[in-house]
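One letter stands for each residue in the lines below.
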Amino acid sequence: MQQPTVISGDLVAESLDLFRQRAPLVHCMTNDVVQTFTANVLLALNASPAMVIDSEEAAQFSALADALLINVGTLTGERALAMRAAVDAANQAAKPWTLDPVAVGGLKLRSEFCQQLLTLHPAAIRGNASEIIALAQQAGSGRGVDSLHESGAALQAAQQLAQRSGAIVAVTGETDYVTDGDRLLAVNGGAKLMTRVVGTGCALSAVVAGFAALPGDRLLHVASACRVMACAGERATRQASGPGSFVAGFLDELWMLNAEALI
Amino acid sequence: MQQPTVISGDLVAESLDLFRQRAPLVHCMTNDVVQTFTANVLLALNASPAMVIDSEEAAQFSALADALLINVGTLTGERALAMRAAVDAANQAAKPWTLDPVAVGGLKLRSEFCQQLLTLHPAAIRGNASEIIALAQQAGSGRGVDSLHESGAALQAAQQLAQRSGAIVAVTGETDYVTDGDRLLAVNGGAKLMTRVVGTGCALSAVVAGFAALPGDRLLHVASACRVMACAGERATRQASGPGSFVAGFLDELWMLNAEALI
Amino acid sequence: MQQPTVISGDLVAESLDLFRQRAPLVHCMTNDVVQTFTANVLLALNASPAMVIDSEEAAQFSALADALLINVGTLTGERALAMRAAVDAANQAAKPWTLDPVAVGGLKLRSEFCQQLLTLHPAAIRGNASEIIALAQQAGSGRGVDSLHESGAALQAAQQLAQRSGAIVAVTGETDYVTDGDRLLAVNGGAKLMTRVVGTGCALSAVVAGFAALPGDRLLHVASACRVMACAGERATRQASGPGSFVAGFLDELWMLNAEALI
């Protein structure tokens, strides 16, 4: 794998412009905890979120939507079936789908399901270092939803995972790394408060799902999604008194984010 | 149908006063994405929200509550059964229930279920133009949860639906229209940011459910519910930097809303 | 039972320090409405929330987590089975679990389930007066999720419940009372706006679950959890224009809360 290249603000700004113009309809099959925040993050970026969960409806809807997100945070057996139906429909309609393997590793149902999903051609995978390592090794090491590893420690796992699955893999942490198994981009920035509110990682995965549906270089678009969120996080932190004002400020910054801020 | 009459602020203020005095207990069977926001909107208006979802409990609770909301945004087969039980119990106890037919039309489960519900005497129906047209025509045309039509394009569909179901029908959009199949009220106002945060429409339906339980002219009360939300949206927009600060400001404005603001 | 002693700010500050150092991983099996807020409250206090709901995974996870919360607000038969599996696993691993018996009393499924749970050695129980009375009497009296009683009216019920179940019982209201069946602590403070946003009680139960896992005097820790939330509520109220700004301010205040504020 190449040495990491830091993504340039110009390219991020172009990618964000394209995202806002296209306003992708993102079908989010995500966990119970982050639904509202995920929807609001997508809306703040001019995308359209929609959550459809019945198995038959989810399959219908995935064929219509521009992108699909599968997040296994609050998986059940029934939800796994509906997600599988949606993934199959997305694949049949040639719509890209993104995997967020929340807390994969130790927990049985999600770990087996994620391994199954890896064979179904995800366009992108977004996780923290522990999740990416567990997914690549087919074994687990996280503590609940938190990572026990720095993102850099997962570079080899990310590369393997990208090569095995064909997906763009994003390992997020203090620095985010994004790879297609060959090229490697680094994304700096972000803010500590992003880890003290729920859903920033899960919402990023939904944004990644939308960016993965843009025409052009998918590696670049996925890295742009990471940088957009990190940049909004930095800017919101400056004016926040704590996590409550941070959440509101974060959505405001996503809404206002422009090339000047990104470059 | 008559020409639309714009509802007067005086009447809205009276209706809101009555709502706050009665503080209706609203049983919300709604989608996964908007539960918190829906509850907070009702609480800000001095109502009591409660979400009870088990089939047997939902039937018990609907008989006790003042009003019931059925929102099919994240319908499943199991939820449809529980909602049906709650609607039957509400009808038996002569408690009004309100339908929000989210994304009805193209998606099979919800479209069939909504047609079934139409025969069960809803007190009110609240949707965007695409949803109201789809529900009236028993056919669909929306793009996910967004409307492809202006609210004015759905006036005929709204009238038919009101006549067929006996419900007050509210079509919301840039202008909201509310009809009982004969009279027609128009509600102006609102704000663009209301469409860039999730749940304003769904929360409005919960507020409509509560207003539909007030004694007096239900057409007027439902239109008042629409105007209360639109007015809070306008006021919150003035001080918002984006959708994050808008959400907080919107709840604050609902809390503070008074006759002066409405007239 | 003894006369109530008001808990001292010094002890609360010590307890909070210990909580932040230990940063407990709290497995929350809670209702659909309060998931995000509950997670954000725990994160603001430096704890780690995790929501795992599949029956087998929940049992696996409860053995790993530091504490478990069971909140029956949106119970279903399937969720009850998963909760039961998690409680059994927590007990086997000697991890404390806390019960929030939302709206127990009139509603059949949750009332029977809560009575069953009482025999399974909860570490703590947190409810409003109506809920604690209903739980102790095995009969109901609330109006949905709201209490019809002042917290002081539930003192005898709280004592009986503590003696019968072995749990620390917290009855929250304008004054909170916390008892182990013998000793009785009173917690003053709080704010009216806490009752006009959804989830403050449910989130308190999650915080109680985390504090119940600290080493030392559990009665004191549970009362400290109540005081931490009440104090943040008071401070957030001073700067709030309404419930929207209150929610953001409340999380900020939890984040900033220190000994000076508590003493």
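The model shown is predicted, which means the values in this text are computed figures rather than measured ones.

Draft legend 1. Inspection of the overall build of chain A at higher detail. Across its full length, chain A carries 11 helices and 9 strands. For 263 residues, the compact-globule estimate of 2.2 N^0.38 gives 18 Å, and the C-alpha radius of gyration of chain A, at 16 Å, lies within 12% of that figure. Projected onto the principal axes, the alpha-carbon positions of chain A cover approximately 45 × 35 × 35 Å. For chain A, with 263 residues in total, the buried portion stands at 64%. For chain A, the share of sequence-separated contacts (at least 6 apart) that also reach a separation of at least 24 residues comes to 71%.

Draft legend 2. Structural detail: the interface of chain B and chain A. Opposite the 29 residues of chain B that make contact, chain A presents 28 residues. Contact between chain B and chain A buries roughly 2,300 Å² in total, counting both sides, with carbon and sulfur atoms accounting for 55%. Across the contact surface, chain B and chain A share 1 salt bridge. With a closest N to O distance of 2.7 Å, Glu57(A) and Arg110(B) form a salt bridge. At the level of secondary structure, the elements contributing two or more residues to the side of chain B that touches chain A comprise helix 4 (77-92), helix 5 (108-118) and helix 10 (243-256) of chain B. Its residues assigned to classes, the side of chain B that touches chain A shows 9 nonpolar, 11 polar and 9 charged.

Draft legend 3. Structural detail: the UniProt feature "binding site: ATP" (unreviewed entry) in chain A. Residues and elements named next belong to chain A. Within this structure's numbering, the places UniProt gives as "binding site: ATP" (unreviewed entry) are Arg-126 and Thr-172. What stands out for the annotated residues spanning 47 residues is how close their C-alpha atoms remain, the widest pair being 7.3 Å apart. With respect to the secondary-structure elements, Arg-126 resides in strand 6 (residues 124-128). Beyond its immediate sequence surroundings of up to four residues, Thr-172 is in contact with Arg-126, Gly-127, Asn-128, Ala-129, Ser-151, Leu-204 and Cys-226. In terms of polar contacts, Thr-172 uses its side chain to reach the side chain of Arg-126, at 2.7 Å.

Draft legend 4. Looking closely at the packing of aromatic side chains. Scanning the model with the defined rule gives 9 aromatic pairs over all chains in all. An angle of 10 degrees between the planes, with centres 4.3 Å apart, marks the rings of Phe19(A) and Phe211(A) as stacked. Residue Phe19(A) is located in helix 1 (residues 9-22), and its partner Phe211(A) is located in helix 8 (residues 200-211); the two are separated by 192 residues in the primary sequence. Comparing Phe19(A) with Phe211(A), the two get one shared label, buried. Summarising the aromatic geometry, the rings of Phe246(C) and Phe250(C) are spaced 5.7 Å apart at their centres and angled 25 degrees between planes, so their arrangement reads as stacked. Placement of the pair is Phe246(C) and Phe250(C) together in helix 10 (residues 243-256), with a separation of 4 residues, close to one helical turn. Of the two residues, Phe246(C) and Phe250(C), both sit in the buried class. Taken together, the aromatic side chains of Phe37(A), Phe246(A) and Phe250(A) make up a single cluster linked through ring pairs.

Draft legend 5. Main features of the UniProt feature "binding site: substrate" (unreviewed entry) in chain A. As annotated by UniProt and renumbered to match this structure, "binding site: substrate" (unreviewed entry) occupies Met51(A) and Gly199(A). Among the structural elements, Met51(A) can be located in the loop between strand 3 (48-50) and helix 3 (55-64). If near-sequence neighbours (up to four positions away) are discounted, Met51(A) is found in contact with Cys28(A), Gln35(A), Thr38(A), Ala39(A), Val33(B), Gly73(B) and Thr74(B). On the secondary structure map, Gly199(A) appears in the loop between strand 9 (184-187) and helix 8. With a relative accessible area of 9%, Gly199(A) lands in the buried category.

Draft legend 6. Just unusual backbone geometry, in detail. The backbone of Ala23(A) shows a phi angle near 45 degrees, a positive value even though the residue is not glycine. Residue position: Ala23(A) is located in the loop between helix 1 and strand 2 (25-29). One non-glycine residue with positive phi stands out, namely Ala103(B), at about 55 degrees. Turning to its location among the elements, Ala103(B) is positioned in the loop between strand 5 (97-100) and helix 5. Using a relative accessible area of 11% as the deciding quantity, one classes Ala103(B) as buried.

Draft legend 7. Summary view of the sheet that holds strand 2 of chain A. Residues and elements named next belong to chain A. What the 9 strands build is an open sheet, ordered 1-9-8-7-6-5-4-2-3; its pairing is mixed. The open sheet is flanked by strand 1 (5-6) and strand 3, the only strands paired with a single partner. Sheet topology note: the strand 2/strand 3 ladder contains 3 bridges and is parallel. Note that in strand 3 the partner of His-27 across the bridge is Ala-50. On top of the sheet, helix 4 (residues 77-92) reaches strand 2, strand 4 (67-71) and strand 5 (97-100); it is set at about 150 degrees to strand 4, its chief contact. Sitting on the sheet, helix 6 (residues 129-137) touches strand 5, strand 6 and strand 7 (168-172), and the angle it makes with strand 6 is about 120 degrees.

The rules behind the values
- Residues numbered from 1 in each chain as written.
- Chains lettered and ligands numbered in written order.
- Predicted model: local features only at pLDDT ≥ 70, side-chain atom pairs only at ≥ 80, totals over all residues.
- Heavy atoms only, no water.
- Helix = DSSP H or I, 4+ residues; strand = E, 2+ residues; numbered from the N terminus.
- Rg over C-alpha atoms; globule rule 2.2 N^0.38 Å.
- Buried < 20%, exposed > 50% of the residue type's maximum accessible area, 1.4 Å probe, protein only.
- Contact = heavy atoms within 4.5 Å.
- Buried area = accessible area lost by both parts, 1.4 Å probe.
- Salt bridge = Lys/Arg side-chain N within 4 Å of Asp/Glu carboxyl O.
- Nonpolar A, V, L, I, M, F, W, Y, C, P; charged D, E, K, R; others polar.
- UniProt positions renumbered as here; feature names shortened; annotations may be inferred.
- Polar contact = N/O pair within 3.5 Å; in protein donor to acceptor, adjacent residues only side chain to side chain.
- Phe/Tyr/Trp six-rings, centres within 6.5 Å; stacked < 30°, edge-to-face > 60°.
- Pairing = 2+ DSSP bridges.
- Axes fitted to C-alpha atoms, helices over the stretch in contact; angles between N-to-C directions.

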